[in-house]
Structures are given as structure tokens and as C-alpha cells.
Amino acid sequence: DGTDPLDGDDFIAREEPLSGVVSDWKNKLPIADVIVSAVGSDSESFSAEASGDPLGRFAFRDKFVGKNNLTFSKATSSDRLSKAISSLDALAAIKMAVGINPNRDPDGDGPDEALAVSDYQRIAADMNGDGVINSRDALEIIKAAVGLADIAPRWVFVPEDHALSFEAGINLSQFDSIEVDYPATEKLNMIGILVGDADGNWEGPTVTDADG
């Protein structure tokens, strides 16, 4: 019953609530205000919603033992989209299409090297989601940059521990709903990808340390 501190078998199990952190694919900076919805897969139709804080953290207060289907979404203002998506993203997509790394070398001839192209970045460049990066993606990115998008920029959220293979094909619909068995899984960290932001320069609100 939790009254004997010297007896290892005398305890009350306290599961932590289902929680996690959402970060961007390039700099692992927090993505704020991500809405996480959980729906239980049993007949009781359990449902709950959690909102990410400025440090990208989310946690459900309610605990539902069993399988939960999680969905992640984020609304991004047109002002932030216009800052994130530009002709530089279209250029990055063109470079990736011909096998050139579009990422800048941070110190020129110094010891640091440009960030390698990741499958996250390939997802960001594949504007039309057909599994191939080409001039059509670059054209759609240009349209998005000037507010004439046929295909709107959108967020994709992928579990951090999920192995991706863009070359083998990635079905992004598998991330529309993610099944989590709680409490076997208590932590679920996610990577956010803004499709259209091929160079990964999206920036969220500035996060300050309130108490130093």
C-alpha cells in the first residue's frame, strides 16, 4: 500500500500520462501549439485532446489503458508560411532532384560540413507527395511562395523512432493516425515536417526562459 519504504514489493504503481515532445526535422527546435487528439479503440469511445506548449511538449491528463489512436495537427499563420516558403525552397527541390545537396556548408572550407539530405527533407521537398522530387515540386513550391498554391503547404508528423526510406517509398497516410498502446508506451516524441519548406528554415515563435 506504499507505506513501507524498505519493502520493494510494497508500492503503488503510478503510470505517467502519455506525453511527448514535437520538434522540427532540421534543428530539433520545439514546434509549439501542436494539437494532439487521442481516441480509444474500445467500445467506450474514449477521446481526449492535448495542446503542445511553447517548448513543444504535450501530455494527456486522462489515462486510458489500451490502444489509442493519435492524430497531430497544427495551424500555421499565412505570415509564418510566407517567411518559411520562398524561391529558395524551390531551388533546394531542384538541387535534390538532380542529386545535389542543397544545404549550406556552415563554415566554407572549415571542418564542419553541410547537413546531409535526410528523408525528412525529401518529404518536405515532395510537394505533390508522389514519392519523386522533380521540377513539378519546385513549381508547386513557387506557387505556394506567391500565394497561388494548387497544393497548400501542410504539416506531416512522424514518430521520432520510425525508420524512413524515401527511396523505397513512404506512404504518408500511415502517419494520419498513430496507434499507441498505453501504458506500454508512455512517451511519443514526434518530428514535424512542413511540406514545401525544402530548406528547413521555418521558425516558430521565439521561446524565452521566463525565470532565467
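For the structure, see preceding data.
Keep in mind that what you see is a predicted model, and the values were worked out from it rather than measured.

(A) Representation of the layout of surface pockets within the structure. By volume, the largest pocket is sized at about 260 Å³. For the lining of the largest pocket, the class distribution of residues is seven nonpolar, one polar and five charged.

(B) Spotlight on the pairing of strand 8 (residues 190-195). For strand 8, a buried count of six out of six residues is recorded, marking the element as mostly surrounded by other parts of the structure. Across the two faces of strand 8 the burial is the same, with Met190, Gly192 and Leu194 and Ile191, Ile193 and Val195 all buried. Bridge count between strand 1 (residues 19-24) and strand 8: three bridges; the pairing is parallel. Within the sheet, the bridge partner assigned to Val22 lies in strand 8 and is Met190. Note: strand 6 (residues 154-159) against strand 8, six bridges, orientation antiparallel. The partner of Trp155 across the bridge, within strand 8, is Leu194.

(C) View of the sheet that holds strand 1. If you walk across this open sheet you meet the four strands as 4-1-8-6, and the pairing is mixed. Whereas interior strands pair on both sides, the edge strands pair on one side only; in this sheet they are strand 4 (57-59) and strand 6. Averaged over all neighbouring strand pairs, the angle between strand axes comes to 30°, with direction disregarded.

(D) Spotlight on helix 4 (residues 135-145). Buried within helix 4 we find Asp137, Ala138, Glu140, Ile141 and Ala144. The arc enclosing the buried residues of helix 4, seen along the axis, measures out at 165°, which places them on a common side. Of the surrounding elements, those touching the buried residues of helix 4 are helix 2 (87-97) and helix 3 (119-125). At the N-terminal end of helix 4, a side-chain oxygen is found 3.1 Å from the backbone nitrogen of Arg136, two or three residues along, and the residue is Asn134. Looking at the residues trailing helix 4, positive phi occurs at Gly147, about 80°.

(E) Inspection of the packing of helix 2 against helix 4 at higher detail. Contact geometry for helix 2 and helix 4: axes closest at 8 Å, N-to-C directions at 175°. Here helix 2 is positioned roughly antiparallel relative to helix 4, judged by the angle of their axes. Every residue of helix 4 that contacts helix 2 at Ser87, Asp89, Ala90, Ala93 and Ile94 is listed here: Ser135, Ala138, Ile141, Ile142 and Ala145. For the contact of helix 2 with helix 4, the class distribution of residues is seven nonpolar, two polar and one charged.

Conventions we followed
- Residues numbered from 1 in each chain as written.
- Predicted model: local features only at pLDDT ≥ 70, side-chain atom pairs only at ≥ 80, totals over all residues.
- Heavy atoms only, no water.
- 1 Å grid on protein atoms, 1.4 Å probe; cavity = no way out; pocket = protein on both sides within 12 Å on 5 of 7 lines; lining within 4 Å.
- Points joined across faces, edges and corners; volume = space filled by probe spheres on them.
- Nonpolar A, V, L, I, M, F, W, Y, C, P; charged D, E, K, R; others polar.
- Buried < 20%, exposed > 50% of the residue type's maximum accessible area, 1.4 Å probe, protein only.
- Helix = DSSP H or I, 4+ residues; strand = E, 2+ residues; numbered from the N terminus.
- Pairing = 2+ DSSP bridges.
- Axes fitted to C-alpha atoms, helices over the stretch in contact; angles between N-to-C directions.
- Arc of directions from axis to C-beta.
- Contact = heavy atoms within 4.5 Å.
- Polar contact = N/O pair within 3.5 Å; in protein donor to acceptor, adjacent residues only side chain to side chain.
- Parallel < 35°, antiparallel > 145°, perpendicular 65-115°, else oblique.

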